[in-house]
Amino acid sequence: VQRSPLIPEMATQEVQLNETLAHLKTESETLKSKLEEERAKLHDVELHQVAEKVEGLGQFVMKTRRTLKGHGNKVLCMDWCKDKRRIVSSSQDGKVIVWDAFTTNKEHAVTMPCTWVMACAYAPSGCAVACGGLDNKCSVYPLSLDKNENLAAKKKSVAMHTNYLSACSFTNSDMQILTSSGDGTCALWDVESGQLLQSFHGHAADVLCLDLAPSETGNTFVSGGCDKKANVWDMRSGQCIQSFETHESDINSVRYYPSGDAFASGSDDATCRLYDLRADREVAIYSKESIIFGVSSVDFSLSGRLLFGGYNDYTINVWDVLKGTRVSILFGHENRVSTLRVSPDGTAFSTGSWDHTLRVCDDCYFFIGIKYNQNLCTFNFTPCAPDKPPLSLTATHLPKYSNLKKHIYRST
Amino acid sequence: MLPKGRDIIDWLIQKYNVSEEESLHVGGMLVKYGYIYPLKEPRSLVLRPDESPYRFQVSRSSPIQYVYLDTIYLAKKNIRKQGELMEYEKERYSVLHKRINHTWDFVVMQAREQLRASKQRRKADRIVLECQEQAYWLINRPPPGVHNVLDVGLERPNNFSARVTLVSGFIAFIYFLFVKYSEQYLNHDPIMQGCLPSNPWISDDTAHWTMNADMVPTPTRLRVERWSFSFMELLEDSMGRREFMTYLEKEFSAENLCFWQACEDVRHGESSRIVEKVEDIYKNFLAPGAARWVNIDSKTMDKTLEGIRHPHRFVMDDAQMHIYFLMKKDSYPRYLKSDLYKNMLAKAIVPQETKKSVFPFMRRQRHSSPSPAQAATQAEDGQAKGAGQADIDRIFVITEINRRTQLRCLS
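Residues numbered from 1 in each chain as written. Chains lettered and ligands numbered in written order. Predicted model: local features only at pLDDT ≥ 70, side-chain atom pairs only at ≥ 80, totals over all residues. Heavy atoms only, no water.

Per an unreviewed UniProt entry, the recorded name for chain B is Regulator of G protein signaling 11, and the organism is Sparus aurata.

Where an unreviewed UniProt entry is consulted, chain A appears under the name Guanine nucleotide binding protein (G protein), beta 5a, with the organism given as Sparus aurata. For chain A, the Sequence similarities (unreviewed entry) comment in UniProt is given as "Belongs to the WD repeat G protein beta family." The UniProt entry for chain A carries the following text under Subunit (unreviewed entry): "May interact with RGS9; this interaction stabilizes both proteins and increases RGS9 GTPase-activating protein (GAP) activity, hence accelerating the deactivation of D(2) dopamine receptor-mediated signaling." (UniProt positions renumbered as here; feature names shortened; annotations may be inferred.)

Q: Outline the overall build of chain B, listing residues and values.
A: Along chain B, the regular secondary structure elements total 18 helices and four strands. When each of the 411 residues of chain B is scored for burial, the buried share is 45%. Intrachain contacts of chain B at a sequence separation of at least 6 include 64% that bridge at least 24 residues. Carbon together with sulfur atoms contributes 52% to the accessible area of chain B, which is approximately 22400 Å² in total. (Helix = DSSP H or I, 4+ residues; strand = E, 2+ residues; numbered from the N terminus. Buried < 20%, exposed > 50% of the residue type's maximum accessible area, 1.4 Å probe, protein only. Contact = heavy atoms within 4.5 Å. Areas by Shrake-Rupley, 256 points an atom, 1.4 Å probe, with all protein chains shown as cover.)

Q: Let's hear about the sheet that holds strand β10 (residues 165-170) of chain A: which residues, and what values?
A: All names here are of chain A. Spatially, the four strands line up as an open sheet ordered β10-β11-β12-β13, and their pairing is antiparallel. The sheet terminates laterally at β10 and β13 (196-201), the two strands that pair on one side only. The sheet shows a mean angle of 15 degrees between the axes of neighbouring strands, direction not considered. Here β10 runs beside strand β11 (residues 176-181); their pairing, made up of five bridges, is antiparallel. The residue bridging C168 from the neighbouring strand is T179, located in β11. (Pairing = 2+ DSSP bridges. Axes fitted to C-alpha atoms, helices over the stretch in contact; angles between N-to-C directions.)

Q: Summarise the UniProt feature "repeat: WD" (unreviewed entry) in chain A; cite the residues concerned and give the values.
A: All names here are of chain A. Feature annotation in UniProt assigns "repeat: WD" (unreviewed entry) to the following positions: residues 68-109, 158-199, 200-243, 244-285, 295-329 and 330-360. Span residues 244-285 is 0% helix and 55% strand, its end C-alpha atoms 13 Å apart. A helix fraction of 0% and a strand fraction of 60% characterise residues 295-329, whose end C-alpha atoms lie 14 Å from each other.

Q: Outline the nonpolar core, supporting the account with residue identities and numerical values.
A: Formed by 45 residues in total, the largest nonpolar core has its most connected members in L47, C272, L274, Y286 and L307 of chain A together with F178 of chain B. The element best represented in this core is helix α7 (residues 170-185) of chain B, accounting for nine residues. Those residues in contact with L47 of chain A that lie beyond four places of it in its chain are L274, V283, A284, Y286, V321 and L322 of chain A together with Y175 and F178 of chain B. Core analysis: the second largest hydrophobic core is formed by 41 residues, L234, Y247, F285 and M316 of chain B among them. (Core = buried A, V, L, I, M, F, W, Y, C linked by side-chain atoms within 4.5 Å.)

Q: So what's going on with the side chain of S301 of chain A? Residues and values would help.
A: On the secondary structure map, S301 of chain A appears in the loop between β22 (295-300) and β23 (306-311). Residue class for S301 of chain A comes out buried when judged on its relative accessible area of 1%. Residues within four places of S301 of chain A in sequence aside, it is in contact with P258, L306, F308 and V342 of chain A together with D189 of chain B.

Q: Quick rundown of the environment of E282 of chain A? Include the residues and the values.
A: Residues and elements named next belong to chain A. By the element assignment, E282 lies in strand β21 (residues 281-286). Each C-alpha atom, one on E282 and one on F244, is 7.6 Å from the other, the two residues being 38 residues apart in sequence. Those residues within four positions of E282 in sequence are excluded, and the remaining contacts are T246, R273, L274 and Y275. Engagement of the side chain of E282 in a polar contact is seen with the side chain of T246, the distance being 2.5 Å. Only 3.0 Å separates the side chain of E282 from the side chain of R273, close enough to count as a polar contact. (Polar contact = N/O pair within 3.5 Å; in protein donor to acceptor, adjacent residues only side chain to side chain.)

Q: Residues and numbers for the environment of D345 of chain A, please.
A: Following the sequence through the fold, D345 of chain A ends up in the loop between β26 (337-342) and β27 (349-353). A polar side-chain atom of D345 of chain A sits 2.8 Å from a polar atom in the side chain of T347 of chain A.

Q: Run through unusual backbone geometry, naming residues and quoting values.
A: L196 of chain B connects to P197 of chain B through a cis peptide bond whose omega is -10 degrees. Tracing the backbone shows P197 of chain B in the loop between α8 (190-193) and α9 (200-203). Although it is not a glycine, K84 of chain A adopts a positive phi angle of roughly 75 degrees. On the secondary structure map, K84 of chain A appears in the loop between β2 (75-80) and β3 (86-91). Positive phi, normally seen in glycine, also occurs at D280 of chain A, with a value near 60 degrees. Relative to the assigned elements, D280 of chain A resides in the loop between β20 (272-276) and β21.

Q: Lay out the pattern of salt bridges in plain terms, naming residues and giving numbers.
A: Residues and elements named next belong to chain A. Summed over the entire model, instances satisfying the criterion amount to 31 salt bridges over all chains. Between D100 and R85 there is a salt bridge, with the nearest N and O atoms lying 2.8 Å from each other. You can see D100 sitting in strand β4 (residues 95-100) and its partner R85 sitting in the loop between β2 and β3, a full 15 residues away along the chain. Overall, R85 belongs to the buried group, its relative accessible area being 4%. When the shortest N-O distance is used, the salt bridge between D261 and R278 registers 3.4 Å. One end of the pair, D261, is in the loop between β18 (251-256) and β19 (262-267); the other, R278, is in the loop between β20 and β21, with 17 residues separating them in the sequence. It is possible to trace a salt-bridge network through shared partners that takes in D79, D211, R255, D299 and R341. (Salt bridge = Lys/Arg side-chain N within 4 Å of Asp/Glu carboxyl O.)

Structure, rendered in structure tokens:
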């Protein structure tokens, strides 16, 4: 009965308590972030800081050099032949096509007995291709030049997984294939016998991609999966020797840096990241606020200075690996870019898309030119966006030649 | 202002609300485990409640980093003391060498770099860092007979959390290597710098590919230069490998390369032929009195011979690696200094830049090439047809402009 006069007091105390709690919470949050700041200061420099003195790249302008039309459905995967001009590609409708991308001629075509052929690879000798997808297998087709021969007749079933095949790659020869699968494992197979040589367990979900290391001992590879992890494996023992988990979503693509000491990854979290194997950590993130769609595939230019990324918003973004900035954006595909590879000698890169086409791209430049006599001569050089002529082509820029007709020329 | 021993004890008393005795104990443990280290008398890992200066160690590393740091420290000591390491250090060094054999160059480079950098530091900074390092390794690799404070009994997966480490300079050096690599390969990157005589995808002229084919009488200069970047580059180029073989023959050590190639064949060839190939290797390279006997250390030889009794794909790995590093450390550097290489470099071709035309319809006919799927003889790459130049009145031919050129003002 005596309680009612106490309640208001208690209420006040309670309010005070809550206020104190709230105050303490904010204080602890502030301290936490301060701590992170101080810890970050203790960290060594960032890659772009060390690369400060390196000359900047300016803007690159990329242009499509070849468009390969022939698939009737989404292109899912592609790979280059060692001859630097041939390509194998696979699509959703089960078709696998081998092209001479230089002439754009189709040289071989196979129809797989399954749809969603998500993985394909060219053999190092150039004499066979491997592919697979929803059939849970990886099959090898020797390429025959007899136009009448049905390639499917000589097909060899090599790998068997318990879920879809997401990626495949020949090792240093035509005799072994490395595969990754939706069943969460990777595996190494002997092509001749179809025997499983080694299996790699460690991912907690679907494995989506893999890449072989170019190291001199040639014994490791990296894989990326839906568990947001990138794992480095010893091919001989089957052990996972290093693991990286900093992405916030599925890793769709992994590719080694040309020296073999690092690798890049592309993820559904709209970022590409660079991981160094010696430092055993992530060393750079390639992202922009304006890029909100996932990365489907990544690859390096020959020197490793440029990182190409194919995105689900139909674009290709090109990053300066050292400085962390974007140096080019390429439009052109009319649907997602699903696969991207730089050619073996680095002269071009190829992309495959859900818009049913593949493109081979390179960089180019635009310039302003002036006609003077019949055989023109001097040029002003300016980089600018493709299909968008430089706007301010006024006399003030070119006072000496203001009375001459100016033309805008584009390189081939 | 460096914290003094007294300061640390006072701080601990306040922080944990404990007595001086307990604070001394906790503080002592922090020093023993290396979280704090003394600048005076670095070998004496105790916390003195006086004016002695102390410093805090920096944060933790992962097992892989630890291996590298350990090796780099020993490499530095080895260089400084010209091989006069303590016995237990020598042993450890040799174990580490085996473990990260494939990145040994990196370790030596880093050790040299750190030694060079430390010479340039102010004396005070140098002393601090040396104390820091010394204290760290005293704890993490105690000399025989000294109590190992980090002994945690049976090895458990999360033991490494107890280790602290020095990462200063290590990460920065790795970034430096990225910069160096891209600088070295810049001229070889067609998308960055263009390629000579022209990029086939742009000019429709396959001359670049023809000039860089496997079997050319004279290689291009860039190609020969690339052989000097690393041993792997030399071996990956079939022409480079042939040249190197010629050099080795002159040195009477060609069996090394033959052996290496035979081992590669075992590793990457058909499973069904492994036994037969290993037998051949034994007969030709390993058996006593073999025609092309290779010089492998006895330990590796014994292990390999044992393994050969039950041959498998990786049975030659150790021997192959031994010979690979032998060639890399010995024959390869000498090859690069040899007349054979220098002459090759001197007579290598630098292709002329193709003068390009501007307009798309000037495009040449794109010729197909023999498919690798057929055993082909060299097919001729047809001559490009001259396009109808007459109809076009605004033809001007320009040379490829370096894409890094900035806007040039005409006036």
